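# Summary of structural features
Here are the chains, one letter per residue:
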Amino acid sequence: MKLLVTGGAGYVGSVCAARLVEAGHEVVVVDDLSTGHADAVPEGCRFVEGDVSEVAGSLLGEGFDGVLHFAAKSLVGESMQDPAKYWHGNVVTSLRLLEAMREHGTPRLVFSSTAATYGEPDEVPIAETAPPRPTNTYGATKLAIDMAMASYAASHGLAAVSLRYFNVAGAHGRFGERHAVETHLIPIVLQVALGQREQVQIYGDDWPTEDGTCVRDYIHVTDLADAHLLALDRAKPGEHVVYNLGNGTGFSVKQVIDTCREVTGHPIPAAVAPRREGDPAALVASSERARLELGWTPQRPDLADIVGDAWAFTRQALRV
Ligand code: UFG
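The name an unreviewed UniProt entry assigns to the chain is UDP-glucose 4-epimerase, from the organism Gandjariella thermophila. In UniProt, the chain has this text filed under Cofactor (unreviewed entry): "NAD(+)". The heading Catalytic activity (unreviewed entry) in the UniProt record of the chain holds the text "UDP-alpha-D-glucose = UDP-alpha-D-galactose".

In structure tokens, the structure reads:
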């Protein structure tokens, strides 16, 4: 297929673009490099630098079989401080993309949605049938886009899939996480192991969980990317389907730090800090639907493998 990958210079987008090229697809990446890196665009892709809302229309006029839409603002904290950046950057851009797809008859869309659409769940594991009640602007904007996709599927025959990611981590060879402002747990802990930070702060140890720290479902970025390829094949005209992507196993912040200690051999000092605003206690996915309908089976579900791949990438990126 000829595919447009928005945000293909970012973390998840670059891994997915690499997998698409490996699978023999023709890939065009569009990215404004606001958070991505030009050197992260995989070999074999055509790269167009620009804002999706401005360039998607003319690009799609060339004729594409589908779009994988990763380009987005994705910091929960920032979305609460500057909601306009998220409503414009995520929702307005995606609406323009949907219109451009309709205008040019692009048949398929696979979208990066998020577990943040669910907010504080009533029960875990979380199924796609759980009520979406986002507790932050980031999650609200992603949910709005999911809903717009459902409308375009129903009214215009779009074949649409929203993939709701849980906590993405790990790396795919030379493609990994390189955020200018790092807020995610595993890369932060690895920065401590590298000596770039003195310690990791544990945001609260009084949560209603077994060891008192927050529980999350970590998924390897390569497994996540593979679900996109399956979703592309599964997408049906006139249907919008949502799939949760996680391993179905929760790890606490303390367990993640312990695993990083084992993988790196570094003591990794940690200190308990106040809770972070907006954090749910536990988020674990039920990915039964993806397993049954997409035939998706994660290949690297072990946390030690996920951390090991992130560690190898970090050391290679810094040449240490
Ligand atoms: N944490 C710490 N210390 C840190 C960083 C994180 O204790 O220095 C904790 C957080 O409080 C949380 C856990 O580690 O309990 C994981 O935090 P991350 O920031 O790595 O990830 P989140 O669970 O907050 O967010 C992820 C995605 C979001 C998505 C969300 C869905 O990064 O994009 O899952 O709930 F919205």
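Next up on the list: the site of the ligand. Neighbouring the ligand are 20 residues; His184, Gln201, Arg216, Arg276 and Asp279 lie closest to it. Between an oxygen atom of the ligand and a main-chain N or O atom of Leu185, the distance comes to 2.8 Å. The side chain of Arg276 places a nitrogen or oxygen atom 2.7 Å from an oxygen atom of the ligand. Calculation on the ligand without its partners gives an accessible area of 690 Å², and the protein chains cover 91% of this total. Looking at the shell around the ligand, the elements that each hand over two or more residues are helix 6 (185–193) and strand 8 (200–203).

The next thing to look at is the UniProt feature "domain: NAD-dependent epimerase/dehydratase" (unreviewed entry) in the chain. The UniProt record marks residues 4–246 with the feature "domain: NAD-dependent epimerase/dehydratase" (unreviewed entry), using the residue numbering of this structure. Structurally, residues 4–246 comprises 38% helix and 20% strand, and the distance from its first C-alpha atom to its last is 25 Å.

For the structure on display, the rule yields zero aromatic pairs. Across from the ring centre of Trp207, 3.8 Å away, lies the NZ or CZ of Arg275, which sits over that ring.

Moving on, we get to the sheet that holds strand 12 (residues 251–252). A sheet is described by the order of its strands in space; here three strands give the open sequence 12-9-14, paired in mixed fashion. Edge strands, defined here as strands with exactly one partner in the open sheet, are strand 12 and strand 14 (282–283).

Reading the values: the criteria
Residues numbered from 1 in each chain as written. Predicted model: local features only at pLDDT ≥ 70, side-chain atom pairs only at ≥ 80, totals over all residues. Heavy atoms only, no water. UniProt positions renumbered as here; feature names shortened; annotations may be inferred. Near = heavy atom within 4 Å. Polar contact = N/O pair within 3.5 Å; in protein donor to acceptor, adjacent residues only side chain to side chain. Areas by Shrake-Rupley, 256 points an atom, 1.4 Å probe, with all protein chains shown as cover. Helix = DSSP H or I, 4+ residues; strand = E, 2+ residues; numbered from the N terminus. Phe/Tyr/Trp six-rings, centres within 6.5 Å; stacked < 30°, edge-to-face > 60°. Lys NZ or Arg CZ within 6 Å of the ring centre and 35° of its normal. Pairing = 2+ DSSP bridges.

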